[in-house]
Amino acid sequence: MEDNNTPQTEELQINAASKSQGETAALQENLVEKKKRGSFTGKIGFVLAAAGSAVGLGNIWRFPYLAAKYGGGIFLLTYIVLALTFGFVLMIAEITLGRKTGASAINAFKKLNKKWAFLGVLCAVIPIIILPYYSVIGGWVGKYFFTFLTGSGASAAGDSYFNNFISSPWQPLLFFAIFVTAAFVVVIFGVEKGIEKVSKFLMPALVLLTIGVTIYALTMEGSAEGVKYYLLPDFKKFSIKTVLAALGQLFYSMSLAMGIMITYGSYMKKQDKIESSVHQIEIFDTGIALLSGLMIIPAAYTFSGGNPETLGQGPGLMFVALPKVFAKFGTVGGGILGTLFFALVLFAALTSAISLMETVVSIVMDKFHLSRKKSSIIVYVGTLLLGIPSSLGFGVWSAVSVGGMTILDMFDFLSNSVLMPIAALLTCVFIGYIVGCKNITDEIELNGAFKFKKFFNVMIRYVCPICIAAILVTSILDVFGVFNI
Ligand code: PFF
């Protein structure tokens, strides 16, 4: 890593990094620090950083359980089609918006059109909703890591282990609090860069381990049926709900429609190619999600005796299926494997939670003109408080439910299936009709041709907004029981 920033990009990056443009002192400090430390140079650095935010629980925990729930192969197909179309277009749009304005989401929209400042605010609300419940799941991963580490991995393979754990009042809260505290410590001391460096080694380790476990899981008796369920689309299972679930998952997994990629774009240098970077981030993120599905779904299929009902058991899928796979390696082997695996997943979850928390902290700094320290403490306490209902919703507060959803599912639905599609829809309208596609495509073409320019223009002006609006309206009507789809 070396530092060969141009003054112009340097300024852009500092703007984005401080995200609080009024604070000159912070800017200066940042500049000095940046000179001392150096920064990622070139496209690789950008791609790795963005992929680091994108790859997390969304890929390893959320994708497999949604794929299992929404019919396996048909969900997979829908997801891939959406990733190649909506995902590509939206990621290009957000990164370019960020690079063009050199600002984080909350300011980027305002900079281009004052009346659209509200969209920055909407994007800012989404990570605030996600962070607490993301951390509850992070706490579950922490618990499993601890269980395997202390040699009790075999008990985690028991049928009721997971449900007993999430329904107990204190334990999930304790692990949730430890998880949030870990993220908080990193954010308040501003040592994310150190974490990023370690993640360059740990992320590939996670990928290798996942490949290894997948290969083993696929050799287990009865897994072939599960592979078929996962890979072969059954068109009878297709419904608008499949599309909404896949779309929400796409946004969540690629950190889209919540301003994150706008901020990352603002760090990007003018000489780096946006289009090919987006291809790489997408391939990386989708690859890990697909692989995680292949690791978990056939295994779950085997252990549930091919019963799709148990397979679709929701958020617990990874936690129920994998310990059973590890148990096949015996107490010692399974213990080591489980400890390693959950340690790496915990790390991936933590890096994503840190980037979420960092985003929320910068929003609080910007909005209330508070110091980094005060903002971090407010966000920390707020996250702890907001996460409690999501955690208790599986136990003492399990009676609270809306449309059959637990409290955690409700937050998940609100952010992924309502607010993110709205933010994505408005971003399309903003670019297609307010800023104009040309403004965006010109920025992309600063260094070379934009191969998918026509496709981008048509998608962002017509296909994306119309489809997202249609999906959104039908699914909301469905939740309120206006009609059944
Ligand atoms: N994309 C992450 C995942 O798939 O787990 C979730 C996420 C992380 C969203 C960081 C937003 C973010 F800032």
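As a starting point, this report considers the structure included with it. Please read all numbers here as calculations on a predicted model, not as lab measurements.

1. A word on a nonpolar patch on the surface
There is a patch of nonpolar side chains on the surface, built from Tyr-433, Ile-434, Val-458, Tyr-462, Val-463 and Ile-466 and spanning about 540 Å² of accessible area. Within the residue set of the nonpolar patch, elements represented by two or more residues are helix H20 (407-444) and helix H21 (453-479). Checked against the element boundaries, Val-458 lands in helix H21.

2. Side note on the environment of Met-295
Structurally, the position occupied by Met-295 is in helix H15 (residues 274-303). Considered as a pair, Met-295 and Leu-218 are 77 residues apart in the sequence and their alpha carbons are 7.6 Å apart. Residue contacts for Met-295: discarding those within four places in its chain leaves Thr-210, Val-213, Thr-214, Ala-217, Leu-322 and Phe-341.

3. Description of the packing of aromatic side chains
Enumeration over the complete set of coordinates arrives at 30 aromatic pairs. Here the aromatic rings of Trp-116 and Phe-118 are separated by 5.4 Å at their centres, their planes lie at 35 degrees, and the arrangement is tilted. Relative accessible area serves as the criterion here: at 13%, Trp-116 is assigned to the buried category. For the pair Phe-162 and Phe-319, a centre-to-centre distance of 5.5 Å together with 10 degrees between the ring planes defines the contact as stacked.

4. Re empty space enclosed by the protein
This model, assessed by the stated rule, comprises 4 cavities of 30 Å³ or more. In this structure, the largest cavity encloses a volume near 140 Å³. Considering the residues around the largest cavity, the lining is formed by 15 residues, among which Ser-53, Tyr-134, Tyr-252, Ser-255 and Leu-356 are closest to the centre. Contributions of two or more residues to the lining of the largest cavity are made by helix H3 (42-54), helix H4 (57-69), helix H7 (117-149), helix H13 (240-253) and helix H18 (330-368). For the lining of the largest cavity, the per-class residue count stands at 8 nonpolar, 7 polar and no charged.

5. Things to note about H7
Here H7 spans 48 Å end to end across 33 residues, near enough to the 48 Å set by a 1.5 Å rise per residue. The largest bend along H7 reaches roughly 30 degrees and is located at Leu-131, with the proline Pro-132 sitting one to four residues downstream.

6. Quick word on the site of the ligand
Among the 15 residues in the neighbourhood of the ligand, the closest are listed as Ala-54, Gly-58, Tyr-134, Tyr-252 and Ile-260. Tyr-252 places a main-chain nitrogen or oxygen 2.9 Å from a nitrogen atom of the ligand. Contact between the ligand and Ser-255: a nitrogen atom at 3.1 Å from a side-chain N or O atom of the residue. A total of 340 Å² of accessible area belongs to the ligand in isolation, and the protein chains cover 100% of it. Given that more than half its atoms are within 2 Å of the pocket grid, the ligand belongs to the largest cavity.

7. Some remarks on the nonpolar core
Side chains of a nonpolar character, in soluble globular proteins, are inclined to be buried together. Counting 147 residues, the largest nonpolar core has Met-318 and Phe-319 as its most contacted members. Among the elements that line this core, the one with the most residues is H18, at 17 residues. Look past the residues within four positions of Met-318 in its chain and what remains in contact with it is Ile-60, Trp-61, Val-141, Ile-296, Pro-323, Phe-342 and Val-345.

8. Topic: the packing of H7 against H20
When two helices pack together, their arrangement is given by the angle between the helix axes and the distance between those axes. The interhelical angle for the contact between H7 and H20, taken along N-to-C directions, is 155 degrees, at an axis separation of 10 Å. By the angle between their directions, the pair H7 and H20 is classed as roughly antiparallel. Considering how the two elements wind past one another, H7 and H20 form a crossing that is left-handed.

9. Some words on helix H19 (residues 372-392)
Counting along an α-helix, one turn takes 3.6 residues, and residues three or four places apart therefore face a common direction. Counted at 1.5 Å a residue, the expected span for H19 with its 21 residues is 30 Å, and the 30 Å between its end C-alpha atoms agrees. Among the residues making up H19, those that are buried are Ser-375, Ser-376, Val-379, Tyr-380, Thr-383, Gly-387, Ser-390, Ser-391 and Leu-392. Each element contacted by the buried residues of H19 is listed here: H7, helix H9 (161-167), helix H10 (171-188), H18 and H20.

10. Describing the state of the cysteines
This structure, assessed with the given rule, holds 0 disulfides. Cys-428 supplies the cysteine sulfur nearest to Cys-437, a cysteine that is in no disulfide, at a spacing of 9.5 Å. Cys-464 forms no disulfide, and the closest cysteine sulfur to it belongs to Cys-428, at a distance of 4.6 Å.

Calculation criteria
- Residues numbered from 1 in each chain as written.
- Predicted model: local features only at pLDDT ≥ 70, side-chain atom pairs only at ≥ 80, totals over all residues.
- Heavy atoms only, no water.
- Patch = residues over 30% accessible without salt bridge, like charges linked within 9 Å, V, L, I, M, F, W, Y side chains within 5 Å.
- Areas by Shrake-Rupley, 256 points an atom, 1.4 Å probe, with all protein chains shown as cover.
- Salt bridge = Lys/Arg side-chain N within 4 Å of Asp/Glu carboxyl O.
- Helix = DSSP H or I, 4+ residues; strand = E, 2+ residues; numbered from the N terminus.
- Contact = heavy atoms within 4.5 Å.
- Phe/Tyr/Trp six-rings, centres within 6.5 Å; stacked < 30°, edge-to-face > 60°.
- Buried < 20%, exposed > 50% of the residue type's maximum accessible area, 1.4 Å probe, protein only.
- 1 Å grid on protein atoms, 1.4 Å probe; cavity = no way out; pocket = protein on both sides within 12 Å on 5 of 7 lines; lining within 4 Å.
- Points joined across faces, edges and corners; volume = space filled by probe spheres on them.
- Nonpolar A, V, L, I, M, F, W, Y, C, P; charged D, E, K, R; others polar.
- Expected span 1.5 Å × (residues − 1).
- Bend = angle between axes of the 7 residues up to and from the residue.
- Near = heavy atom within 4 Å.
- Polar contact = N/O pair within 3.5 Å; in protein donor to acceptor, adjacent residues only side chain to side chain.
- Sits in = over half its atoms within 2 Å of the grid points.
- Core = buried A, V, L, I, M, F, W, Y, C linked by side-chain atoms within 4.5 Å.
- Axes fitted to C-alpha atoms, helices over the stretch in contact; angles between N-to-C directions.
- Parallel < 35°, antiparallel > 145°, perpendicular 65-115°, else oblique.
- Left-handed = near helix turned anticlockwise from the far one by under 90°.
- Disulfide = S-S within 2.5 Å.

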